[in-house]
Number of protein chains: 4
Amino acid sequence: MIGFAVIGYGYWGPNLVRNLWSNPEVDLRWVCDARPDRLSGVPGRFPTVRTTVALADVLGDPKVDAVAIATPVSTHFPLAMAALRAGKHVFVEKPIAASSDEAARLVEEARRRNLILAVDHTFIHTGAVRKMHALVNEVLGDVYYYDSVRVNLGLFQKDVSVIWDLAVHDLSIMDYVLPEQPVAVAATGMSHVPGQPANIAYLTLFFDSPLIAHIHVNWLAPVKVRRTLVGGSRKMIVYDDLEPSEKIKVYDKGITLNDDASSDGDRVRQMLVGYRAGDMMAPHIDLTEALDLELREFIECVVNMATPTADGEAGLRVVRILEAATQSLGQRGQVVELSSGMVPA
Amino acid sequence: MIGFAVIGYGYWGPNLVRNLWSNPEVDLRWVCDARPDRLSGVPGRFPTVRTTVALADVLGDPKVDAVAIATPVSTHFPLAMAALRAGKHVFVEKPIAASSDEAARLVEEARRRNLILAVDHTFIHTGAVRKMHALVNEVLGDVYYYDSVRVNLGLFQKDVSVIWDLAVHDLSIMDYVLPEQPVAVAATGMSHVPGQPANIAYLTLFFDSPLIAHIHVNWLAPVKVRRTLVGGSRKMIVYDDLEPSEKIKVYDKGITLNDDASSDGDRVRQMLVGYRAGDMMAPHIDLTEALDLELREFIECVVNMATPTADGEAGLRVVRILEAATQSLGQRGQVVELSSGMVPA
Amino acid sequence: MIGFAVIGYGYWGPNLVRNLWSNPEVDLRWVCDARPDRLSGVPGRFPTVRTTVALADVLGDPKVDAVAIATPVSTHFPLAMAALRAGKHVFVEKPIAASSDEAARLVEEARRRNLILAVDHTFIHTGAVRKMHALVNEVLGDVYYYDSVRVNLGLFQKDVSVIWDLAVHDLSIMDYVLPEQPVAVAATGMSHVPGQPANIAYLTLFFDSPLIAHIHVNWLAPVKVRRTLVGGSRKMIVYDDLEPSEKIKVYDKGITLNDDASSDGDRVRQMLVGYRAGDMMAPHIDLTEALDLELREFIECVVNMATPTADGEAGLRVVRILEAATQSLGQRGQVVELSSGMVPA
Amino acid sequence: MIGFAVIGYGYWGPNLVRNLWSNPEVDLRWVCDARPDRLSGVPGRFPTVRTTVALADVLGDPKVDAVAIATPVSTHFPLAMAALRAGKHVFVEKPIAASSDEAARLVEEARRRNLILAVDHTFIHTGAVRKMHALVNEVLGDVYYYDSVRVNLGLFQKDVSVIWDLAVHDLSIMDYVLPEQPVAVAATGMSHVPGQPANIAYLTLFFDSPLIAHIHVNWLAPVKVRRTLVGGSRKMIVYDDLEPSEKIKVYDKGITLNDDASSDGDRVRQMLVGYRAGDMMAPHIDLTEALDLELREFIECVVNMATPTADGEAGLRVVRILEAATQSLGQRGQVVELSSGMVPA
């Protein structure tokens with residue numbers, strides 16, 4: 001049994017509590033929130049769980065092995081750092097912290113204390129994204145591009161741009177799915193609410209290879225779109241998260257390049273590119289709740305001292321891009337290099 | 001009766017010939033193409049039309065008032081310039097020329113000689129785009145963004161990037177639909193065929209106002225998409241050119257901004273943005289063939305010495321952006337300012 | 001305050017309990033189910049609600065004014081009849097009873113005792129169906145046809161055909177939306193599970209006017225479809241319940257009939273029919289939970305002794321059609337007349 | 001070289017002429033139409049083809065081996081019979097004749113004279129339907145149902161119901177695709193134009209096996225639908241003819257029946273049906289023009305005296321169903337048995 005506490009009981013916290021409560025390997029001991037009104041419903045549904053507004057109650061309980069943090073982003077760092085310093089394993093909402101500096105310090109602290117640090121990149125535990133991961137690595141061939149659109153109407157966040165709110169999903173999926181890391185980012189965007197950060201943004205990510213990635217996020221769209229195209233040399237994928245069941249479609253489509261053109265002139269250049277169109281296949285997608293799988297993995301990592309799929313380094317990599325993209329957006333798309341350095345061991 | 005000649009009888013030329021042939025105001029006199037094999041089918045279908053491989057035959061015919069040019073882009077300038085110098089009105093395929101310098105010289109020549117110069121921005125004569133133009137100007141309010149996706153598999157063009165092949169459509173539509181001109185462009189993209197120009201590209205267009213425009217073009221997509229979102233302060237539009245009849249949808253959706261917040265703190269900032277969702281309306285779209293309407297307009301302009309919707313200046317504006325986007329793409333998205341200057345009169 | 005009890009706590013009962021619990025006008029006193037294991041979760045979530053396996057506890061409680069019955073169909077009649085005889089108002093799941101004879105006896109009993117009897121035709125309280133009701137009555141003109149498809153994979157019901165399981169939804173919607181009642185039904189169908197009732201069925205409903213209605217229900221379809229077309233002389237409707245927001249689309253389409261043809265012959269007959277295609281409009285749909293609205297209406301009816309939208313008579317009309325359709329299906333589509341008689345007062 | 005003539009040059013005839021003209025094995029000698037104005041465009045496009053309003057010109061030409069008939073249905077019989085009697089092979093538009101009696105007499109005449117008689121069931125030569133044919137016979141297992149919807153707005157035909165105009169397509173596809181022939185039909189429908197035949201109809205087809213088929217046709221629908229579901233014991237198909245490329249989707253979905261239930265009671269009956277959901281596959285569809293393939297097959301049959309896929313018997317089977325369905329529709333769905341007898345040899 002892993003002793004657990006959930007810190008933050010607003011929008012997402014109840015999902016963590018519900019999942020941890022029904023997990024037989026978990027002793028869910030505390031739910032903590034600074035606002036006592038939010039905690040009133042807990043005892044009725046989860047009779048053995050104590051509630052508190054005092055973080056010290058949670059961190060001072062020696063039977064708490066791990067904490068899950070679901071609070072506003074600006075508080076991730078102080079809460080996670082305090083928990084690590086109290087010797088607790090930490091599972092924290094995305095983005096892992098409000099800056100890459102904060103994220104790097106959490107990674108370092110967890111490593112020094114030999115504690116598990118995981119970030120809740122929920123999407124990478126969905127059946128659709130796990131399938132996409134497998135397809136990209138097994139059948140796509142060279143990856144040519146990754147193009148994602150995530151737009152809808154609302155909800156505008158306070159003081160945080162659409163990049164930190166929506167693109168964080170795409171960046172965490174890309175971090176998991178693609179075989180390499182981006183080396184630079186260029187972002188453009190605009191705010192239509194005076195005094196607020198951008199509500200529409202476009203990110204281009206550059207890699208050392210000819211792979212290119214692009215993310216379009218928008219809080220002010222008339223329709224909801226959640227669609228990603230991934231083009232490879234052998235197959236191409238469409239991932240539409242709004243499809244009820246056929247979320248992933250694999251197309252046996254592409255171009256063939258004729259390298260051995262022995263002469264020059266128009267005819268040869270025209271022959272360089274051939275087109276190929278074969279079957280499309282929509283693999284069956286496992287619809288198990290992602291959060292459930294994710295928490296099970298975290299618990300297993302705590303038990304076996306293993307590394308979660310989305311560890312602190314993954315959280316850090318995503319925050320680095322968010323930060324660089326925000327900087328680029330302020331400079332009308334001026335490219336910003338991404339420091340590729342890991343946190344020194 | 002306007003005496004007409006068509007120069008270039010490859011992919012698009014036959015459409016011009018078919019339309020001009022059936023227009024009672026037109027005396028279609030010549031079809032000219034450098035490749036005689038292409039001309040063999042003309043006499044059977046259009047018995048009174050002469051064919052030639054010699055441009056001089058066409059330009060030397062005093063009964064030819066106007067020529068339509070449907071040849072490869074690199075030849076637009078010399079052919080159009082020769083026609084203007086021979087005193088002919090000119091209707092030329094898009095893009096109007098291979099560089100803004102060439103385009104400007106055509107505009108200047110036409111103006112000096114008092115001849116009509118039109119560029120075949122076909123899409124702006126479709127019922128859907130004409131409806132979008134009306135909606136943007138009458139009901140959308142302030143225009144917040146213009147976002148277009150034009151992707152499919154093939155056809156890779158030789159020596160011309162996907163920007164010159166596909167984005168030219170979006171730029172010509174934007175030029176017609178939007179109430180202002182862009183002042184700068186940033187473009188990213190990638191080639192996946194060694195030695196060839198980009199087959200995937202992303203363009204961001206900046207304006208003096210908070211309007212932002214973005215175009216995604218791709219020759220290597222598994223699915224065909226032709227979709228534009230236009231967001232305004234009062235309404236939003238989805239234009240999907242692949243819909244058989246409901247090509248334009250107008251959404252009574254948006255945000256409302258509460259300006260008179262008199263106090264500070266969290267609660268007030270949260271109240272700043274409200275959401276509005278009302279009816280959606282798909283207006284009936286006139287499905288008359290765009291090319292037919294466009295040629296009628298050109299002929300009317302020739303008769304009345306009026307200015308076509310897509311005149312040489314429009315062609316020049318679009319080429320300026322194509323040129324700047326190509327430059328930006330070569331510099332990983334470095335923004336390029338657009339000279340707004342018209343050709344001096 | 002209306003004293004309430006819920007009988008049956010399987011699939012649907014918890015939704016009734018959740019809604020009634022949060023209604024300030026309701027004193028939810030009992031949840032009753034023959035299987036005690038189902039009741040174990042109730043006290044934790046609804047501390048003031050008592051649970052019992054004995055119907056007598058519920059019916060013997062003088063503070064219980066009304067009961068909601070959510071048990072298998074075969075038990076609707078005995079439970080509802082017992083409740084009415086105990087002087088309780090009754091809200092019962094659809095279909096109201098397992099036969100028209102049973103349904104008629106419930107209607108009679110409720111009327112004699114001056115008690116409210118309502119059937120849970122949930123769909124008619126959705127925003128989409130209420131909008132369709134308004135449109136059919138206000139803008140459609142003469143109603144020409146009502147065509148509904150409700151198919152998906154599973155869940156096969158035991159001992160009940162797909163007609164009683166799925167077509168009951170369409171029949172209750174039709175009963176609410178259409179301006180007249182059907183007078184006869186013809187049904188065809190097939191079972192693909194030996195010894196079980198039909199899992200695919202097609203119902204045609206005849207009316208005194210030229211209106212025709214048709215319902216296609218199928219438990220064995222590879223895709224889920226929930227789509228209704230309603231054709232009228234002035235407008236036509238598409239109601240797609242799987243659309244997240246644009247569930248209702250109103251088409252200004254149709255034919256125009258030229259009556260004053262003064263001569264005969266081919267030309268005139270061809271001119272009889274003209275086609276009209278105008279705008280399409282998708283009205284904003286109220287997404288308030290239907291069950292919530294429905295229970296509020298029932299409570300209001302109990303308080304004011306008013307007639308619910310879906311009263312016992314509506315439940316009886318629907319069961320009559322289910323019964324007749326089942327009979328017709330057994331005779332390869334032999335038409336079965338519907339007795340239009342109300343229960344004698 | 002096969003000497004050919006086309007009779008009827010209205011809507012469909014020009015397609016026949018265009019295809020036959022470009023076929024190197026065909027000597028297209030005549031185009032014949034009773035209305036001389038229709039023939040005026042022929043010489044310009046097809047210089048070596050003679051035109052005539054006199055059938056005798058065509059039938060008297062000894063170099064004409066075969067005729068293609070594309071005239072109104074009521075004239076199919078006299079024209080085809082005259083052609084057969086003149087010793088010509090016959091390719092005739094669908095439906096093959098206006099009654100099963102006429103169709104049977106054509107079949108008999110062709111057989112007696114050892115001439116090829118084919119009916120233009122165009123759809124069965126499309127890549128989509130040929131693929132469906134292969135799938136139904138190879139992977140579907142037992143066929144459970146065939147359900148087709150073919151609706152749109154217009155064009156109302158004179159004096160012919162929607163069954164003869166639209167359902168004929170579905171019946172010809174079914175005749176080709178399904179492994180057995182229907183034994184009875186029940187049809188309902190309605191006319192909304194006074195004095196005209198039904199513009200909306202529903203056909204149920206019964207077979208000796210538990211297979212059931214259903215066709216919904218409607219000239220008065222606000223949207224265009226061309227969708228067929230075919231359910232089998234091992235796979236299920238969705239055929240959507242409006243999809244640009246993924247016209248056929250094969251679902252690895254269905255139910256599994258547990259036969260060896262050794263005890264009775266609720267639990268066992270619930271276990272009888274299990275659900276299976278696997279991958280979906282959209283095979284690549286050959287988009288070669290159906291008419292081209294069909295005419296090539298006809299010519300091959302003429303050369304080799306082989307039997308076309310859609311021979312006279314196929315045409316007769318379809319007309320028998322059209323006739324029986326029309327009769328059933330007049331009797332509110334009264335089932336009508338189909339005589340299964342072939343034309344006696």
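Here the structure is a predicted model, which is why all the values come from computation and not from measurement.

Undergrad: What exactly am I supposed to notice about the overall build of chain A here?
TA: Along its length, chain A carries 10 helices and 15 strands. A compact globule built from 345 residues would reach a C-alpha radius of gyration of about 20 Å, and chain A, at 22 Å, matches this within 12%. Reported as C-alpha extents along the three principal axes, the dimensions of chain A are approximately 80 × 45 × 45 Å. Evaluated residue by residue, chain A yields a buried proportion of 59% over its 345 residues. Once local pairs closer than 6 in sequence are excluded, the contacts in chain A between residues at least 24 apart make up 68%. On chain A, roughly 13600 Å² of surface is accessible, and the fraction owed to carbon and sulfur atoms is 51%. Charge-centre separation for chain A: the mean point of 33 positive side chains lies 4 Å from the mean point of 42 negative side chains.

Undergrad: Teacher, can you tell me more about the interface of chain A and chain B here?
TA: How large an interface is tends to be reported as the accessible area lost when its parts come together. Between chain A and chain B, the contact holds 56 residues from the first and 56 residues from the second. Between chain A and chain B the total buried area reaches about 4900 Å² when both faces are included, carbon and sulfur atoms providing 69% of it. Among the residues chain A hides against chain B, the three largest losses belong to Lys-158, Pro-222 and Arg-332 of chain A. Together they make up 15% of the total. Taken together, chain A and chain B are joined by two salt bridges. Two residues, Arg-332 of chain B and Glu-337 of chain A, come together in a salt bridge whose shortest N-O distance is 2.4 Å.

Undergrad: Looking at this structure, how should I read the packing of aromatic side chains?
TA: Two descriptors summarise a pair of aromatic rings, namely the distance from one centre to the other and the angle between the planes of the rings. The full count for this structure, using the stated rule, is 24 aromatic pairs over all chains. Considering the side-chain rings of Phe-156 of chain A and Trp-219 of chain A, the 5.2 Å spacing of their centres and the 40° angle between planes classify their relative orientation as tilted. Here Phe-156 of chain A, found in the loop between β7 (143–153) and α7 (162–177), pairs with Trp-219 of chain A, found in the loop between β10 (212–218) and β11 (220–232); they are 63 residues apart in sequence, far enough to count as distant. Comparing Phe-156 of chain A with Trp-219 of chain A, the two get one shared label, buried. Here the aromatic rings of Tyr-275 of chain C and Phe-156 of chain D are separated by 6.2 Å at their centres, their planes lie at 45°, and the arrangement is tilted. Highlighted residues: Tyr-275 of chain C in strand β14 (residues 273–282) and Phe-156 of chain D in the loop between β7 (143–153) and α7 (162–177), drawn from two different chains. Judged by relative accessible area, Phe-156 of chain D falls into the buried class, the value being 15%. An aromatic cluster is present here, built from Phe-4, Phe-91 and Phe-298 of chain A joined pairwise through their rings. Between the NZ or CZ atom of Arg-332 of chain A and the centre of the ring of Phe-206 of chain B, over which it lies, the distance is 5.4 Å.

Undergrad: Whenever I open this one, the sheet that holds strand β6 (residues 117–120) of chain C confuses me. Can you help?
TA: Consider a sheet: its strands pair through backbone hydrogen bonds, and that pairing is either parallel or antiparallel. All names here are of chain C. Spatially, six strands are ordered β3-β2-β1-β4-β5-β6 in an open sheet, and the strand pairing comes out parallel. Looking along the sheet, the strands with just one partner apiece sit at the ends: β3 (50–52) and β6. Adjacent strand axes in the sheet meet at a mean angle of 20°, parallel and antiparallel pairs treated alike. In terms of strand pairing, strand β5 (residues 89–93) meets β6 through four bridges, oriented parallel. Paired with Glu-93 across the strands is Asp-120, a residue of β6. Against the sheet, helix α9 (residues 290–304) contacts β1 (2–7), β2 (26–32), β4 (66–69), β5 and β6, and its axis sits at roughly 155° relative to β5.

Undergrad: Before we go on, may I ask you to explain the environment of Glu-243 of chain C in this structure?
TA: If you trace the backbone, Glu-243 of chain C turns up in the loop between β12 (236–240) and β13 (248–257). On a C-alpha basis, the gap between Glu-243 of chain C and Arg-227 of chain C in space is 9.7 Å, while along the polypeptide they are 16 residues apart.

Undergrad: Just checking my understanding: could you explain the sheet that holds strand β2 (residues 26–32) of chain D for this structure?
TA: Residue and element names in this part refer to chain D. Within the open sheet, the six strands sit side by side as β3-β2-β1-β4-β5-β6. Their pairing is parallel. Strands with a single pairing partner mark the edges of an open sheet, and in this sheet they are β3 (50–52) and β6 (117–120). Ignoring strand direction, the axes of neighbouring strands in this sheet form an average angle of 20°. In the packing of helix α4 (residues 76–85) onto the sheet, the strands contacted are β1 (2–7), β4 (66–69) and β5 (89–93), and the crossing angle to β5 comes to about 165°. Packed on one face of the sheet, helix α9 (residues 290–304) meets β1, β2, β4, β5 and β6 and runs near 155° to β5.

Undergrad: For this particular structure, what's the right way to read unusual backbone geometry?
TA: One can expect most non-glycine residues to show negative phi and most peptide bonds to be in trans. Of note, the bond from Lys-94 of chain B into Pro-95 of chain B is cis; its omega dihedral lies within 30 degrees of zero at -10°. Relative to the elements of secondary structure, Pro-95 of chain B occurs in the loop between β5 (89–93) and α5 (100–113). Of note, the amide linkage connecting Gly-154 of chain D to Leu-155 of chain D takes the cis form, showing an omega dihedral of -20°. Looking at the element boundaries, Leu-155 of chain D is found in the loop between β7 and α7. The residue Asn-114 of chain D is not glycine, and still its phi comes out positive at about 60°. By secondary structure assignment, the location of Asn-114 of chain D is in the loop between α5 (100–113) and β6. One non-glycine residue, Met-305 of chain D, lies in the positive phi region at around 50°. Secondary-structure assignment places Met-305 of chain D in the loop between α9 and α10 (312–329).

Undergrad: How should I be thinking about the domain arrangement of chain A in this particular structure?
TA: All names here are of chain A. For chain A, the assigned domains read domain 1 (2–121 + 291–304) and domain 2 (124–289 + 322–337). Taken together, the contacts link 15 residues of domain 1 with 12 residues of domain 2. Interface area for domain 1 against domain 2, summed over the two sides, is near 1100 Å², with a carbon-plus-sulfur share of 57%. Per-residue buried area on domain 1 facing domain 2 is highest for Lys-94, His-121 and Leu-293; these three make up 47% of the total on that side. If you look at where domain 1 meets domain 2, you find one salt bridge. The shortest N-O distance in the salt bridge between Glu-289 and Arg-18 comes to 3.3 Å. Run the count over domain 1 and domain 2 and you get seven residue pairs in polar contact (both at pLDDT 80 or more). Among the elements of the structure, α1 (13–21), α5 (100–113) and α9 (290–304) are those that each provide at least two residues to the side of domain 1 that touches domain 2. When residues in the side of domain 1 that touches domain 2 are grouped by element, the largest group, five residues, is from α9. The residue inventory of the side of domain 1 that touches domain 2, partitioned by class, reads five nonpolar, four polar and six charged.

Undergrad: What am I meant to see in the packing of helix α6 (residues 127–138) of chain B against helix α7 (residues 162–177) of chain B here?
TA: All names here are of chain B. The N-to-C vectors of α6 and α7 enclose an angle of 40°; their axes lie 9 Å apart at closest approach. As summarised for this structure, α6 and α7 are arranged oblique, according to the angle between their axes. Where α6 crosses over α7, the handedness of that crossing is right-handed. Residues Val-129, Arg-130, Met-132, His-133, Val-136 and Asn-137 of α6 pack against Ile-173, Tyr-176 and Val-177 of α7. Each residue belonging to the contact of α6 with α7 can be placed in one class, and the counts come to six nonpolar, two polar and one charged.

Scoring rules and cut-offs
- Residues numbered from 1 in each chain as written.
- Chains lettered and ligands numbered in written order.
- Predicted model: local features only at pLDDT ≥ 70, side-chain atom pairs only at ≥ 80, totals over all residues.
- Heavy atoms only, no water.
- Helix = DSSP H or I, 4+ residues; strand = E, 2+ residues; numbered from the N terminus.
- Rg over C-alpha atoms; globule rule 2.2 N^0.38 Å.
- Buried < 20%, exposed > 50% of the residue type's maximum accessible area, 1.4 Å probe, protein only.
- Contact = heavy atoms within 4.5 Å.
- Areas by Shrake-Rupley, 256 points an atom, 1.4 Å probe, with all protein chains shown as cover.
- Lys, Arg positive; Asp, Glu negative; His and termini not counted.
- Charge placed at Lys NZ, Arg CZ, Asp CG, Glu CD.
- Buried area = accessible area lost by both parts, 1.4 Å probe.
- Salt bridge = Lys/Arg side-chain N within 4 Å of Asp/Glu carboxyl O.
- Phe/Tyr/Trp six-rings, centres within 6.5 Å; stacked < 30°, edge-to-face > 60°.
- Lys NZ or Arg CZ within 6 Å of the ring centre and 35° of its normal.
- Pairing = 2+ DSSP bridges.
- Axes fitted to C-alpha atoms, helices over the stretch in contact; angles between N-to-C directions.
- Domains from an automatic or database assignment.
- Polar contact = N/O pair within 3.5 Å; in protein donor to acceptor, adjacent residues only side chain to side chain.
- Nonpolar A, V, L, I, M, F, W, Y, C, P; charged D, E, K, R; others polar.
- Parallel < 35°, antiparallel > 145°, perpendicular 65-115°, else oblique.
- Left-handed = near helix turned anticlockwise from the far one by under 90°.

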